[in-house]
Amino acid sequence: MESTQQSSDQGRPAEQRRRELLEAADRVVLRDGPHASMNAIAAEAGITKPILYRHFGDKSGLYRALAKRHTDALLDSLRLALDAPADRRERVEATLDTYLAAIETRPQVYRFLMHPSEDPQSPEAAFDVGRHSAPLLRRLGEELAKVIHDRVDLGPDGERLARVWGHGIVGMMHAAGDWWLGERPCTRAELVRSLADLLWGRLAAVGDRAGGPGF
């Protein structure tokens, strides 16, 4: 059986096979959230776990691939919100709402990426999610910092300040979103308005960077 699976696996281009395996992993994560296991993902893909290991190494490798896949998609959506034909306040709110909508729409994916399994008997319980989720948040912070630096004039120390803002905003979105997703103390629209109010004073005052796309 395994030799048949291996032959079928080798018959596809590597990138196509990797994409198919990530799609299978996504289906399991949507169903099982942080409890998603390599065994379940291999079964969903119709292969054995050793073949899955050959593509990703271990669960950490699979996690990194899934994190990149979802972070790329989220960044694309955030850029669309930032580039929308609207005034600055509306685009700030749209960007915050895009992030919150992403974690609300696919909470199991979010929990897989950001939270370990809470079952101490789970074979995945020892997986150190924090060690891998921190780089994901840092990447979001750096990407947002680039957007801020390109669009607004923060003065002679603008690049450093843009990084402070970028990582600060991502940290705020992540912490507030995690709390909100667990407790639902208010509507998403109410949370967006409250977070935008917190950010708005300095964002309202700063001017656009000369020659930039504007913000």
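Residues numbered from 1 in each chain as written. Predicted model: local features only at pLDDT ≥ 70, side-chain atom pairs only at ≥ 80, totals over all residues. Heavy atoms only, no water.

### Remarks on the nonpolar core
- Core analysis: the biggest nonpolar cluster contains 55 residues, and Leu 52, Leu 62, Leu 96, Tyr 99, Leu 113 and Ile 148 have the highest contact counts within it.
- If you tally residues by element for this core, the top one is helix α9 (residues 158-183), at nine residues.
- Setting aside anything within four residues of it in sequence, one finds Leu 62 in contact with Leu 22, Ala 25, Met 38, Ile 41 and Phe 56. (Core = buried A, V, L, I, M, F, W, Y, C linked by side-chain atoms within 4.5 Å. Buried < 20%, exposed > 50% of the residue type's maximum accessible area, 1.4 Å probe, protein only. Helix = DSSP H or I, 4+ residues; strand = E, 2+ residues; numbered from the N terminus. Contact = heavy atoms within 4.5 Å.)

### A short note on the confidence of the model for the chain
- On average, residues of the chain score 84 in pLDDT, and 82% of them are at 70 or above.
- Put simply, helix α1 (residues 2-10) is where the chain has its lowest mean pLDDT, 50, and α9 is where it has its highest, 95. (pLDDT = per-residue confidence, 0-100.)

### Description of unusual backbone geometry
- Its identity as a non-glycine residue notwithstanding, Arg 184 has a phi of 50°, on the positive side.
- For Arg 184, a relative accessible area of 42% puts it in the partly exposed group.

### Things to note about the pattern of salt bridges
- By the definition in use, this model includes 17 salt bridges.
- With a shortest N-O distance of 2.5 Å, Arg 139 and Asp 72 are connected by a salt bridge. Of this pair, Arg 139 sits in helix α8 (residues 129-151) while Asp 72 sits in helix α5 (residues 59-82), and the two are 67 residues apart along the sequence.
- It is possible to trace a salt-bridge network through shared partners that takes in Arg 27, Arg 31, Asp 32 and Glu 44. (Salt bridge = Lys/Arg side-chain N within 4 Å of Asp/Glu carboxyl O.)

### Observations regarding the packing of helix α6 (residues 88-105) against α9
- Contact geometry of α6 with α9 gives a least axis separation of 10 Å together with a crossing angle of 40°. Accordingly, the angle class assigned to the pair α6 and α9 is oblique. Between α6 and α9 the crossing geometry is right-handed. For the pair formed by α6 and α9, the contact residues are Leu 96, Tyr 99, Leu 100, Ile 103 and Glu 104 on the first element and Met 172, Met 173, His 174, Gly 177, Trp 180 and Leu 181 on the second.
- Here the contact of α6 with α9 is composed, by residue class, of eight nonpolar, two polar and one charged. (Axes fitted to C-alpha atoms, helices over the stretch in contact; angles between N-to-C directions. Parallel < 35°, antiparallel > 145°, perpendicular 65-115°, else oblique. Left-handed = near helix turned anticlockwise from the far one by under 90°. Nonpolar A, V, L, I, M, F, W, Y, C, P; charged D, E, K, R; others polar.)

### Description of the environment of Gly 177
- Here Gly 177 shows up in helix α9.
- On the basis of relative accessible area, Gly 177 is assigned to the buried category, the value being 0%.
- Sequence separation between Gly 177 and Ala 101 is 76 residues; the distance between their C-alpha atoms is 9.7 Å.
- Setting aside residues up to four positions removed in sequence, Gly 177 forms contacts with Leu 100, Ile 103 and Met 172.

### Considerations on the packing of aromatic side chains
- Per the stated rule, a full pass over the model turns up one aromatic pair.
- For the ring pair Tyr 63 and Phe 112, a centre distance of 6.0 Å and an interplane angle of 40° mean the geometry is tilted. In this pair, Tyr 63 is assigned in helix α5 and Phe 112 in helix α7 (residues 107-114), connecting sequence segments 49 residues apart. Residues Tyr 63 and Phe 112 agree in their burial class; the two are buried.
- Its end group placed over the ring of Trp 180, Arg 184 keeps NZ or CZ at 4.6 Å from the ring centre. (Phe/Tyr/Trp six-rings, centres within 6.5 Å; stacked < 30°, edge-to-face > 60°. Lys NZ or Arg CZ within 6 Å of the ring centre and 35° of its normal.)

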